[in-house]
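# Results of the structural survey
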Amino acid sequence: MATLGQLLPSCGGTVLNSRTLLTSPFPSPARTRNFRVKMSIPATQASIVLPENRIILGCGSVGVDFLAAVASYPNPDDKIRSTSFQVQGGGNAGNSLTCAARLGLTPRIISKISNDSQGKGILEELEADGVDSSFIVVSDGGNSPFTYIIVDNQTKTRTCIHTPGYPPMIPTDLSQSNLLSSLDGAKLVYFDGRLHETAAVVAEEANRRGIPILIDAERKREGLDHLLSFASYVVCSTKFPQNWTEASSIPSALLSMLLRLPKVKFVIVTLGEDGCLMLQRTEIDNLDPEERDVDDLFEKLKQKKDTNATSPACISSNVAKLHAKGIGTISGKLLVGTAESIPQTELVDTTGAGDAFIGAVLYSICANMPPEKMLPFAAQVAAIKCRALGARAGLPHYTDPRLTPFLV
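Values in this document were obtained by computation on a predicted structure and should not be read as measured data.

## With respect to the overall build of the chain
Counting its regular elements, the chain contains 13 helices and 18 strands. Partitioning the contacts of the chain with sequence separation of at least 6, the portion at a separation of at least 24 is 71%. About 18,000 Å² of surface is accessible on the chain, with carbon and sulfur atoms providing 51% of the total.

## Brief notes about the nonpolar core
Core analysis: the largest hydrophobic core is formed by 53 residues, its most contacted members being Leu103, Leu214, Ile268, Phe357, Val361, Leu362 and Phe377. With nine residues, helix H11 (residues 353-366) is the largest single contributor of residues to this core. Setting aside its immediate chain neighbours within four residues, Leu214 contacts Leu188, Val189, Tyr190, Phe191, Tyr233, Val235, Ile358, Val361, Leu362 and Ile365. In terms of nonpolar packing, the next biggest core, distinct from the first, is built from 52 residues, Ala186, Ala203, Ile215 and Leu228 among them.

## Focus on the packing of aromatic side chains
Within this structure, the stated rule accounts for six aromatic pairs. Ring geometry for Phe146 and Tyr148: centres 5.6 Å apart, planes at 75°, overall edge-to-face. Accessibility expressed as a relative area gives 2% for Phe146, which makes it buried. Ring geometry for Tyr233 against Phe266: centres 4.8 Å apart, planes inclined by 45°, an arrangement best described as tilted. You can see Tyr233 sitting in strand S12 (residues 233-236) and its partner Phe266 sitting in strand S13 (residues 266-270), a full 33 residues away along the chain. Taken as a pair, Tyr233 and Phe266 share a single burial class, namely buried. Linked through ring pairs, Phe66, Phe146 and Tyr148 together constitute an aromatic cluster. In this structure, Arg260 is placed above the aromatic ring of Trp244, and the distance from its NZ or CZ to the ring centre is 4.0 Å.

## Some details on the environment of Thr245
Tracing the sequence through the fold places Thr245 in helix H8 (residues 240-245). Residue classification places Thr245 among the buried positions, given a relative accessible area of 13%. Sequence spacing of Thr245 and Met257 is twelve residues, and the spatial spacing of their C-alpha atoms is 7.0 Å. Look past the residues within four positions of Thr245 in its chain and what remains in contact with it is Ala253, Ser256, Met257 and Arg260. A polar side-chain atom of Thr245 sits 3.2 Å from the main-chain amide nitrogen of Ala247.

## Notes on the sheet that holds strand S8 (residues 146-152)
One open sheet accounts for four strands, arranged S4-S3-S8-S9; its pairing is mixed. The two strands at the open ends of the sheet, each matched to only one other strand, are strand S4 (84-90) and strand S9 (157-163). The sheet shows a mean angle of 20° between the axes of neighbouring strands, direction not considered. Where strand S3 (residues 63-70) lies against S4, seven bridges are found, and the strand directions are antiparallel. Of the residues in S4, the one forming a bridge with Phe66 is Val87. Strand contacts of helix H4 (residues 117-128): S3 and S4, with the helix running at about 90° to S3, the strand carrying the most contacts.

## Remarks on the side chain of Asp173
Within the secondary structure layout, Asp173 lies in the loop between S9 and helix H5 (176-183). Judged by its relative accessible area of 16%, Asp173 is buried. Side chain to side chain, Asp173 and Lys112 meet in a polar contact 3.0 Å long.

## Comments concerning helix H6 (residues 196-209)
With 14 residues, H6 should reach 20 Å at 1.5 Å per residue; the first-to-last C-alpha distance of 20 Å fits that figure. Buried within H6 we find Thr198, Ala199, Ala200, Val202, Ala203, Glu205 and Ala206. Of the surrounding secondary structure, the elements contacted by the buried residues of H6 are strand S2 (55-59), strand S5 (106-110), H5, strand S10 (188-191), strand S11 (213-217) and helix H7 (224-228). After H6 finishes, the residue Gly210 shows a positive phi value of roughly 75°.

## A look at the side chain of Ser364
Here Ser364 shows up in helix H11. Setting aside residues up to four positions removed in sequence, Ser364 forms contacts with Met369, Met374 and Phe377.

## Remarks on the pairing of S11
The buried fraction of S11 amounts to five of the five residues, a majority that puts the element mostly inside the structure. Pairing between S10 and S11: three bridges, direction parallel. Note that in S11 the partner of Tyr190 across the bridge is Leu214. The β-α-β motif built from S10, the intervening H6 and the parallel element S11 has right-handed crossover chirality. Relative to S12, S11 is paired through four bridges, and the arrangement is parallel. Looking across to S12, one finds that Ala217 is bridged to Cys236.

## Regarding the confidence of the model for the chain
On average, residues of the chain carry a pLDDT of 89, and 87% of them reach 70 or more. Predicted confidence is poor over residues 1-16, with pLDDT under 50, and the contacts of this stretch with residues over four places away or in other chains come to 37 contacts. Segment residues 22-46 is flagged for pLDDT under 50; beyond a separation of four residues in sequence, or across chains, it makes 42 contacts in the model.

## A closer look at unusual backbone geometry
A cis amide bond, omega -5°, links Tyr166 with the succeeding residue Pro167. If you check the backbone angles, Glu246 has positive phi at about 65° while not being a glycine. Relative to the assigned elements, Glu246 resides in the loop between H8 and helix H9 (250-260). Classification of Glu246 as exposed rests on a relative accessible area of 71%.

Criteria and thresholds
- Residues numbered from 1 in each chain as written.
- Predicted model: local features only at pLDDT ≥ 70, side-chain atom pairs only at ≥ 80, totals over all residues.
- Heavy atoms only, no water.
- Helix = DSSP H or I, 4+ residues; strand = E, 2+ residues; numbered from the N terminus.
- Contact = heavy atoms within 4.5 Å.
- Areas by Shrake-Rupley, 256 points an atom, 1.4 Å probe, with all protein chains shown as cover.
- Core = buried A, V, L, I, M, F, W, Y, C linked by side-chain atoms within 4.5 Å.
- Buried < 20%, exposed > 50% of the residue type's maximum accessible area, 1.4 Å probe, protein only.
- Phe/Tyr/Trp six-rings, centres within 6.5 Å; stacked < 30°, edge-to-face > 60°.
- Lys NZ or Arg CZ within 6 Å of the ring centre and 35° of its normal.
- Polar contact = N/O pair within 3.5 Å; in protein donor to acceptor, adjacent residues only side chain to side chain.
- Pairing = 2+ DSSP bridges.
- Axes fitted to C-alpha atoms, helices over the stretch in contact; angles between N-to-C directions.
- Expected span 1.5 Å × (residues − 1).
- Right-handed = clockwise from strand over helix to strand, strands pointing away.
- pLDDT = per-residue confidence, 0-100.

If you want it as structure tokens, here you go:
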């Protein structure tokens, strides 16, 4: 199969408005079948109250995912058949904001694509899910980002081969008027760590306006440290905290992050099937006078897990002075979130599970959810997503009855 880079010219061209592409029909029937059409809300589920201010802005990656599920990952020179195939929208920011839109928020996105057929599909899919794509820059020429994803049905793992978009986004692609308009009325701004030069410009303006910022710290990237300096909230992949801080344990690494990032209110690390761990900063004066070792506290909280439970839950410590040897002390509390125990017969694909988790965290912040409620809710959203192939097909709407216990 020829790649888009082989089929399309590699040139910058002129910048178009994304709205101009939405009038063009998407050329692939296979793609059209995967579009998510907004549905009317059943009256019986209208009792769920949405956040008053639902506008959020995201800046980061969008793309197209070509997903092939296989019985088992092939060996070199093997020729195998897929067990299923789908083409869906992808990209961390695109996925998380799609999740947030289905949960009832009103997301806007800043990114860049090409005016190729894949770019048109990206815009149509985002708009169909209620994500405002009017701040996406469309290049006249080049290629939109895309990823080949092989999903191993046996091990429940996936392998991603990504091709970046061309030409890359630069700060001058985003006009000053669009920058200001994108932030108008926004309650929260989210960055997935990509498009770092443009992201820095957006973060600086958001910070100037006092808009809280959430950073997805998936791994070390160019410009990420600068973005983290503006962060109010950080959600990390499993390996990031220790890679970034060089601490000996995850709890100690989270404490180190809060010491190094004084604006951050909480940091969460996702742990896959083991759930997540959150460290929340507090400013309460009446603390337990005794310092508690953060690693010891983590072990004690884990012992309180209900091993028979199948639904996500949260175990929280009291507010205390938390200490990590050789690192320092903060006032705060540690929270252990568990994941849903998904039967192997229902687990399809973990692609985009972290993006779904972040989308739910974005909703939770806008809804002023307490952490004890936010962590199980985000875990449940991610678990629902894992029951379908790809990052978006399984994302639930806020009217999904599986979410009702976490929203009322």
